[in-house]
Each structure stands twice: as C-alpha cells, then as structure tokens.
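Close look at the chain arrangement
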Amino acid sequence: LRMFVVSLAGQVLGDRSLAEGVALVWQHPQVLRELAELLPLLSERHDHVHADLPGRPDCPLQIHARYTREEVLAAMNQGDRAAVPTWREGVRWAASEKADLFLVTLNKSSGSFSPTTQYRDYAISPTLFHWESQSTTPAGSPTGQRYQRHEAEGSEILIFARMTNASSDRAFWFLGPARYVKHEGERPMAITWRLDFALPGDLYSAFSAAAVA
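Below is a short write-up of the structure. (Residues numbered from 1 in each chain as written. Predicted model: local features only at pLDDT ≥ 70, side-chain atom pairs only at ≥ 80, totals over all residues. Heavy atoms only, no water.)

Examining the layout of surface pockets
Picture a little ball the size of a water molecule; that probe, rolled over the atoms, points out where space is still empty. For the largest pocket, the calculated volume is near 1000 Å³. For the largest pocket, the lining is made up of 28 residues, of which Leu39, Leu42, Arg66, Tyr67 and Glu71 are closest to its centre. Only helix H1 (2-9), helix H3 (29-42) and strand S3 (66-67) provide two or more residues apiece to the lining of the largest pocket. Partitioning the lining of the largest pocket into residue classes produces 12 nonpolar, 10 polar and 6 charged. (1 Å grid on protein atoms, 1.4 Å probe; cavity = no way out; pocket = protein on both sides within 12 Å on 5 of 7 lines; lining within 4 Å. Points joined across faces, edges and corners; volume = space filled by probe spheres on them. Helix = DSSP H or I, 4+ residues; strand = E, 2+ residues; numbered from the N terminus. Nonpolar A, V, L, I, M, F, W, Y, C, P; charged D, E, K, R; others polar.)

Here is the structure:
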C-alpha cells in the first residue's frame, strides 16, 4: 500500500502518515477510475517470470520485476511516514532490514555521472555480476567488511539494475540477493557477486554488453 501511495503522490505527501496519504489519493476519483482501467492491463504485461524474495515473506518485491527507488525504499520499510527518505546515492544500508541496497546504472555515458562515479558494473555471466563500490570505500572499512562478510553477519546484498538514467528508464530490474565471491583493489572495491537467481536471457545480453560499452 505504501509503495502504491508513494508512486502516485510522493511529491506532495510531505510528513503525512500512511493513512493520510491514502486519504489524499482517495480524494481524486478520476485517478481511481483510471487506475481501475490500467491495472488489469498491466497485470498482463509481465516481461519475465517473477519470484518471491526468499526469507522475507512480508516483502512485496518480486525478483526480475521493475521498481523505482521510491518503491524500493517503501518495500524495505525505510522511513515511518507515507513518503520515503531521500536517496540520491547508488548504495544504501537498510539497517532495520539488515540489507545493503544497490541501485546500478550500467551505461554511464551521460553527462550526469562525474569521473568519480563512473563505476564499471556489468554481468560477467547469468549468475556473476561485477560491481564497483563507492570510490571512498576501503576494503578494511566497516562498509567494506560488511560487503565481504555479509553472509556470516546475517545481512543481505540486494541488487537493482537499469541500463541508463534516462527519464524513460526510471525503474530498476530487481536482480535479487547476491553473495560475495571476491574483490580486487579498493577505493573503489571491484567486487564479484554471485546472484541467487540467474539473469533472464535478455537481461544478461543487455547487462553483459555494458562491459564493452
């Protein structure tokens, strides 16, 4: 419900509670009529077979579905109001959920990425993903150690990826949980992750091409 409300009214929710956010949406019958027509059509447009996120029965995220960053924050219980916290970086530690959330844009050729944020992220295989941490992350830092020891410490790595940051590509594919395999260097750390769910063929083709883009 919170994902729904923040998607429709996120820009005007302010500090409203979820109940107040729902009431705000319900004040616009024309929006509700359009949704009643749109939702059945969208339910028939799945691009991939989806799967529940293992170990989190109350989390609505579906693996290989697409989500905006606001929907990800709502699904992962970030913040306690109808609106979600501001999230501008590509990484976020969701402490209450013991999960590191990675938002990955693979094609960074646009001018909105500075030289220090043009990390090399791409699919190595359908189950292996190359990802670079923030340029300030040493391997021995608490964050670097959490990445390497996440399984032992009981936390998860959840990866969301898209090809570009164009306005038409606001949503990220949810690749599901990933497990640390190895890393090279630091500042940034070049980490290889093993995906619990193999990439569908079309996503692997697109995401692997990012390595040579």
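Structural notes on the pattern of salt bridges
Inspection of the entire model under this criterion finds 8 salt bridges. A salt bridge links Glu70 to Arg170, with the shortest nitrogen-to-oxygen separation between them at 3.6 Å. With Glu70 in helix H4 (residues 69-75) and Arg170 in the loop between strand S8 (156-162) and strand S9 (172-184), this pair connects stretches of sequence that are 100 residues apart. A salt bridge links Arg146 to Asp100, with the shortest nitrogen-to-oxygen separation between them at 2.8 Å. Of this pair, Arg146 sits in helix H5 (residues 142-153) while Asp100 sits in strand S5 (residues 99-105); the two residues are 46 residues apart in sequence, bridging distant segments of the chain. No difference in accessibility class separates Arg146 from Asp100, as the two residues are buried. (Salt bridge = Lys/Arg side-chain N within 4 Å of Asp/Glu carboxyl O. Buried < 20%, exposed > 50% of the residue type's maximum accessible area, 1.4 Å probe, protein only.)

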